[in-house]
Amino acid sequence: MNLVTEALLGAGRTTPSKVAVTTGDGRQVTYDEIDRLSGQLAHVLTLGHGVSAGDRVAIQASTSPEILALNIACARVGAIYVPLNSAYTDREVRGLLDDATPTLVVREETIEHVTPRASLSRLIAEAAEQSADFVDAPCDAHTPAAMLFTSGTTGRPKGAVLTHGNLVSNCEMLREVWEFRPEDVVLHVLPLFHTHGLFVAAYCALSSGASLLMMEGFDADDACRRLAEATVFMGVPTHYVRLNGSANLSREATATIRLFLSGSAPMRRSTHEEFAARTGQAIVERYGMTETGMITSNPIDGTRRVGTVGTALPGVMVRLDDTPVGGIEVKGPNVFSHYWNRPELGETQFTGDGWFKTGDVGTLDDDGFLEIVGRAKDLIISGGFNVYPKEVELVLDSFAGVAESAVIGLADDDLGEKVVAVVVPAANVHLDPQALITFAGRELSRYKVPRRVEVVDELPRNAMGKVQKAQLRRQLGARGPETTPGD
């Protein structure tokens, strides 16, 4: 048995003529067409490009139904699928190819590297000459299926190896908790090189025999118009902020949606509240990461606790370490196998009893609801006191005229680290840094109050909307003007 193949093609084989994917321009692809193309591409990979079980196949391409077929083809071969961010430069791609040593890289543009290259369009053309019948390689729960590189914001990117068991178990858990059914239509606006877009949104839909309405990129006004064609929407907080900013968002526009999901970054309470006021619907926040897939989720029925990411998914265990920081640790069938070419990380990223250290900091209430406080690496220790950026950000965000904020720690000769805030003003608002410091001084203990406030047009984010605090630390690392809190 090939676990991923069975999970993704099993439901569709019972309804082969059903539309699996509709693209933004109206092109429709059935389950049978994805099934057949995946078999043809599996032949192309093995016969035409020498790909065998265990080999890596890297891909950097725009969103399309054919990417899903190629992902399934790699699973059928037993190869390891390595999606690369479409925004990566040639220099970044070369570094990742050096690390992954793939047998083939699939991308449109040529690249100076020893790895053989083929465009996706070429593979599809070659597939037309191949049989759709392919004998799948046997792949059990321990067989590597994919490798995703982490963002590398703290140094060299790490390739997290995910097994067939990791992907399928997570998919099955989510289908149960989020009650996916064949009648669902997922409005898909997420990139397919990321866990959220591929292994959550796409896998949940395909394994349920549901349909994807696949958009390349995100436009809030267009998304509002297309919501009427869907039943499920998965996004990141940035998507919801932009939806809130669209005049097209309304109760009527969202009437067919049974489930709005958000993840990949924390969502502000004000975003929740504005969305609920405009649509009458609540957003379900969940928590996951590259190395684990999804970990927790708020319930789709019953109490959804804004500010938390819900409780552990079935079969997944979550605990906090015994440090004052409250490091989040995870164990379960969803947790990845290992980091590629980084055996030394096995000792530092896993506990002695086999729990994965997420690097996130949080709190657990008596009912098991998890609140993410931040990243352990973002914790600020100022004058010997722990400062959690999220607490300071919530205060700054409540100041009239602040659209959003990010709080970081910068080296300080006296305090070890000083608290620095970077804020984005709302449209047509002028923010006075001293006024923000004074306001924070009334709401926070003295050691938590920013000693420096920078006003910027926007915060740096990655493709999934996460604020890149490491980049802010590099940009603002030079000593800047400071103000004594409370002055």
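Residues numbered from 1 in each chain as written. Predicted model: local features only at pLDDT ≥ 70, side-chain atom pairs only at ≥ 80, totals over all residues. Heavy atoms only, no water.

S.K.: Tell me what's going on with the confidence of the model for the protein, and back it up with residues and numbers.
M.R.: Per-residue confidence for the protein gives a mean pLDDT of 91; residues scoring 70 or more make up 97%. For the stretch residues 478–487, pLDDT sits under 50, and the model shows 23 contacts to residues farther than four places along the chain or on other chains. (pLDDT = per-residue confidence, 0-100. Contact = heavy atoms within 4.5 Å.)

S.K.: Describe the sheet that holds strand β25 (residues 452–455), with residues and values.
M.R.: Strand order in this open sheet of 3 strands is β23-β24-β25, and the pairing throughout is mixed. This sheet does not close on itself; its edge strands, each paired only once, are β23 (402–412) and β25. Each neighbouring strand pair of the sheet contributes to a mean axis angle of 25°, computed without reference to strand direction. With 10 bridges joining them, β23 and strand β24 (residues 416–425) adopt antiparallel strand pairing. The residue bridging isoleucine 408 from the neighbouring strand is valine 420, located in β24. (Pairing = 2+ DSSP bridges. Helix = DSSP H or I, 4+ residues; strand = E, 2+ residues; numbered from the N terminus. Axes fitted to C-alpha atoms, helices over the stretch in contact; angles between N-to-C directions.)

S.K.: Explain the pairing of β25 to me, using residue names and the numbers behind them.
M.R.: Pairing geometry for β24 and β25, over 4 bridges, is parallel. From the neighbouring strand, valine 422 faces β25, where its bridge partner is glutamate 454. Regarding topology, helix α13 (residues 433–443) serves as the crossover connection from β24 to the parallel β25, and that connection is right-handed. (Right-handed = clockwise from strand over helix to strand, strands pointing away.)

S.K.: Could you give me a rundown of the pattern of salt bridges, with the residues and numbers involved?
M.R.: Evaluation of the coordinates by the stated rule reveals 22 salt bridges. Put simply, arginine 258 and aspartate 184 hold a salt bridge, and the shortest N to O gap is 2.8 Å. Of the two residues, arginine 258 sits in the loop between α9 (237–244) and β12 (259–262) while aspartate 184 sits in the loop between α6 (164–177) and β9 (185–188), which places them 74 residues apart along the sequence. With relative accessibility at 1%, the residue aspartate 184 sits in the buried group. Residue aspartate 367 pairs with arginine 305 through a salt bridge whose shortest N-O separation is 2.7 Å. Taken together, the positions of aspartate 367 in the loop between β19 (356–364) and β20 (370–375) and arginine 305 in the loop between β14 (293–297) and β15 (311–312) put the pair 62 residues apart, joining distant regions of the chain. Taking the relative accessible area as the measure of exposure, arginine 305 reaches 27% and is therefore partly exposed. (Salt bridge = Lys/Arg side-chain N within 4 Å of Asp/Glu carboxyl O. Buried < 20%, exposed > 50% of the residue type's maximum accessible area, 1.4 Å probe, protein only.)

S.K.: Explain the packing of aromatic side chains to me, using residue names and the numbers behind them.
M.R.: Inspection of every chain in the model, using the stated rule, returns 11 aromatic pairs. Considering the side-chain rings of tyrosine 240 and phenylalanine 260, the 6.3 Å spacing of their centres and the 70° angle between planes classify their relative orientation as edge-to-face. Here phenylalanine 260 lies in strand β12 and tyrosine 240 lies in helix α9, a separation of 20 residues in the sequence. An aromatic cluster is present here, built from Phe233, Tyr240, Phe260 and Phe275 joined pairwise through their rings. Sitting above the plane of the tyrosine 339 ring, lysine 158 keeps its charged end 5.5 Å from the centroid. (Phe/Tyr/Trp six-rings, centres within 6.5 Å; stacked < 30°, edge-to-face > 60°. Lys NZ or Arg CZ within 6 Å of the ring centre and 35° of its normal.)

S.K.: Before we move on, could you go through the sheet that holds strand β11 (residues 232–235) and cite the residues and values that matter?
M.R.: Reading across the sheet, the 9 strands line up as β2-β1-β10-β9-β11-β12-β13-β14-β15 and stay open at both edges, with mixed pairing between neighbours. Edge positions in the sheet fall to β2 (28–30) and β15, since each has one partner strand and no second.

S.K.: How would you summarise unusual backbone geometry if you had to cite specific residues and measurements?
M.R.: Its identity as a non-glycine residue notwithstanding, glutamate 179 has a phi of 55°, on the positive side. Its location among the elements puts glutamate 179 in the loop between α6 and β9.

S.K.: Break down the packing of α6 against helix α7 (residues 195–208) for me, with residues and values.
M.R.: Two packed helices can be described by the angle between their axes and the distance between those axes. Relative to each other, α6 and α7 sit at 75°, their axes nearing to 9 Å. As judged from the angle between their axes, α6 and α7 are roughly perpendicular. In this structure, α6 contributes Leu167, Cys171, Leu174 and Arg175 to the contact, and α7 contributes Phe199, Val200, Tyr203, Cys204, Ser207 and Ser208. Tallied by class, residues from the contact of α6 with α7 come to 7 nonpolar, 2 polar and 1 charged. (Parallel < 35°, antiparallel > 145°, perpendicular 65-115°, else oblique. Nonpolar A, V, L, I, M, F, W, Y, C, P; charged D, E, K, R; others polar.)

S.K.: Now, about the pairing of strand β17 (residues 327–331): what can you tell me, with residues and values included?
M.R.: Most of β17 is tucked away: 4 of the 5 residues are buried. The pairing of strand β16 (residues 317–320) with β17 spans 4 bridges and is classified as antiparallel. Its bridge partner lying in β17, valine 318 is registered against valine 330. For β17 and β19, the ladder comprises 3 bridges, and the chain directions are antiparallel. Bridge pairing in β19 places valine 330 opposite phenylalanine 356.

S.K.: Lay out the nonpolar core in plain terms, naming residues and giving numbers.
M.R.: The biggest cluster of nonpolar side chains holds 87 residues, and the ones touching the most others in it are Leu68, Leu70, Trp178 and Met234. In this structure leucine 68 touches Val21, Leu192, Leu198, Ala202, Leu206, Leu212 and Met214, once residues within four positions along its chain are discounted. (Core = buried A, V, L, I, M, F, W, Y, C linked by side-chain atoms within 4.5 Å.)

S.K.: Explain the state of the cysteines to me, and be specific about the residues and the numbers.
M.R.: Under the counting rule described, the total for this entry stands at 0 disulfides. With no disulfide of its own, cysteine 204 has cysteine 171 as its nearest cysteine by sulfur position, at a separation of 4.8 Å. Accessibility expressed as a relative area gives 0% for cysteine 204, which makes it buried. (Disulfide = S-S within 2.5 Å.)

S.K.: So, α13: which residues are in play, and what are the values?
M.R.: For the α-helix, the turn length of 3.6 residues means that residues three or four positions removed from each other point alike. Inspection of α13 places Leu436, Ile437, Phe439 and Ala440 among the buried residues, and these make up the whole buried set. Seen along its axis, α13 keeps its buried residues to an arc of 165°; they face one direction. Each element contacted by the buried residues of α13 is listed here: α12 (389–397), β23, β24 and β25. (Arc of directions from axis to C-beta.)

S.K.: So what's going on with the side chain of glutamine 40? Which residues, and what values?
M.R.: You can see glutamine 40 is positioned in helix α2 (residues 31–49). Polar contacts involving the side chain of glutamine 40 include one to the main-chain carbonyl oxygen of alanine 127, which spans 3.3 Å. There is a polar contact of 3.2 Å between the side chain of glutamine 40 and the backbone oxygen of glutamine 130. Residues in contact with glutamine 40, not counting those within four places in the same chain, are Ala127, Ala128, Gln130, Ser131 and Ala132. (Polar contact = N/O pair within 3.5 Å; in protein donor to acceptor, adjacent residues only side chain to side chain.)

S.K.: Kindly report on the environment of glutamate 176, identifying the contributing residues and their values.
M.R.: Note on placement: glutamate 176 falls in helix α6. Given the relative accessible area of 57%, glutamate 176 is considered exposed. Between the C-alpha atoms of glutamate 176 and proline 314, which are 138 residues apart in sequence, the distance is 9.0 Å.

S.K.: Could you give me a rundown of the packing of helix α1 (residues 3–14) against α7, with the residues and numbers involved?
M.R.: At a minimum axis separation of 5 Å, α1 and α7 run at an interaxial angle of 60°. The angle between the axes of α1 and α7 places the two elements in the oblique class. Note on element contacts: α7 touches α1 through Tyr203, Leu206, Ser207 and Ser208, opposite Val4, Ala7, Leu8 and Ala11. The residue makeup of the contact of α1 with α7, split by class, is 6 nonpolar, 2 polar and no charged.

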